[in-house]
Amino acid sequence: ATEEACSLLSGYYMVSDAGKPLRLPSTPTPGTGTVGGDADNALKDVYSFYGEVSQVPRNVTCDQAPGGLDWVYGGPVHDEEYFVALNRHAIFDSLLTAWNTTGNPSYPRLFDNLTADWVCQYHPEPASIDGVGKAGPWETLQAGIRASGPWPAAFFGFQQAAEFRNSTRLAMLASVAEHGQFLSKFASRGNPNFRSMQYHGLANLAAYWPEFLDASAWLETA
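The shown structure was predicted, so the numbers you read here are calculated from the model rather than taken from an experiment. (Residues numbered from 1 in each chain as written. Predicted model: local features only at pLDDT ≥ 70, side-chain atom pairs only at ≥ 80, totals over all residues. Heavy atoms only, no water.)

Draft legend 1. Structural context of the pairing of strand 2 (residues 52-55). Side chains E52 and S54 project from strand 2 onto a buried face, and the interleaved V53 and Q55 project onto a face without burial. With 4 bridges connecting them, strand 1 (residues 46-49) and strand 2 associate as antiparallel partners. Each bridged residue has a counterpart across the sheet, and for V46 the counterpart in strand 2 is Q55. (Buried < 20%, exposed > 50% of the residue type's maximum accessible area, 1.4 Å probe, protein only. Helix = DSSP H or I, 4+ residues; strand = E, 2+ residues; numbered from the N terminus. Pairing = 2+ DSSP bridges.)

Draft legend 2. Just the pattern of salt bridges, in detail. In this structure the tally under the stated criterion is 3 salt bridges. Residue R58 pairs with D45 through a salt bridge whose shortest N-O separation is 2.7 Å. In this pair, R58 sits in strand 3 (residues 58-62) while D45 sits in the loop between helix 2 (37-42) and strand 1, placing the two residues 13 residues apart along the sequence. We classify R58 as partly exposed; its relative accessible area is 28%. Between R189 and E139 there is a salt bridge, with the nearest N and O atoms lying 2.7 Å from each other. Of this pair, R189 sits in the loop between helix 8 (166-186) and helix 9 (192-208) while E139 sits in the loop between helix 5 (106-121) and helix 6 (140-148), and the two are 50 residues apart along the sequence. Owing to a relative accessible area of 28%, R189 belongs among the partly exposed residues under this scheme. (Salt bridge = Lys/Arg side-chain N within 4 Å of Asp/Glu carboxyl O.)

Draft legend 3. Representation of the state of the cysteines within the structure. Applying the stated criterion across every chain, the model contains 1 disulfide. A disulfide bridge connects C62 with C120, and the sulfur atoms are separated by 1.7 Å. Between C62 and C120, the disulfide has an S-S torsion of -105 degrees and is therefore left-handed. Taken together, the residues span a long stretch of sequence, with C62 in strand 3 and C120 in helix 5 at a distance of 58 residues. What makes C120 partly exposed here is its relative accessible area of 26%. With no disulfide of its own, C6 lies closest to C120 among cysteine sulfurs, the gap being 16 Å. With relative accessibility at 31%, the residue C6 sits in the partly exposed group. (Disulfide = S-S within 2.5 Å.)

Draft legend 4. Highlighting the nonpolar core. Of all hydrophobic cores here, the largest spans 49 residues; its most connected members are Y47, L95, F111, L114, F155, F158 and W209. Sorting elements by how many residues they give to this core places helix 8 first, with 7 residues. Once residues lying within four places of it in the same chain are set aside, the contact partners of L114 are Y47, R58, L69, W71, I91, F92 and L95. (Core = buried A, V, L, I, M, F, W, Y, C linked by side-chain atoms within 4.5 Å. Contact = heavy atoms within 4.5 Å.)

Printed below as a string of C-alpha cells:
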C-alpha cells in the first residue's frame, strides 16, 4: 500500500498543474550540447563562490551509499561562507537552464544526485536552532533561500526529466515538508533581511505545495 501511494503521489506531480508557472513549456529535445560556466563546472563538482573556486570532495557515506558531496567543505581557504553559499543550491537554477537549453541529460542527472544526497545527509530538520549556527546547512537563512527560489523552480522545472527519479522526487517532497515545519518555527530568527527571506520561503512553500496539510498554516505564519 505504501509503495502504491508513493507511486501515485509521484505520478500526480509529474502530470498535474501543480506549480504550473514554474514548469517548462515543453520537454527539451534530448541532446549532448553543453553550456559551459557554472553548470558544466558542477558536473565536475567544481563550484565558485565569492571568487573562491574549488572541487568539492565526495567523501560522505549516507545510508550505505558512498560518494556523497561534502556539503560543509570550506573551499580553498576554509571559508564558512563557501559552504553557506553551497547549501543555498543556486546551482539548481543553472542546471535547469542548461537542460532547457541543450536537452543534455547530464544536467537533470546531477540535480537528482545532489538533491537525493542533500536530503539523505540532512534529514530530518533540526528540532531546534541551538547549535545550528550560520555554518549549518539548516541555518534559517539558507532554508529560506532554498525555499524562495531554487527548490520550487527545480522541482517543477525538472518534472519531465527521466533522470529525476521517483525516489528523489519523494525525498524532496519529504524535505519540503521539513522546510515548512522548520521555517514555521524559526523564520522569526535574525535581522529584518533574514526574516524577509525566511518568511518569503515559507510563503513559497505554501503557494507551490498547497496539498500539504500544514500549507494554510505556513501561509498564515508567513
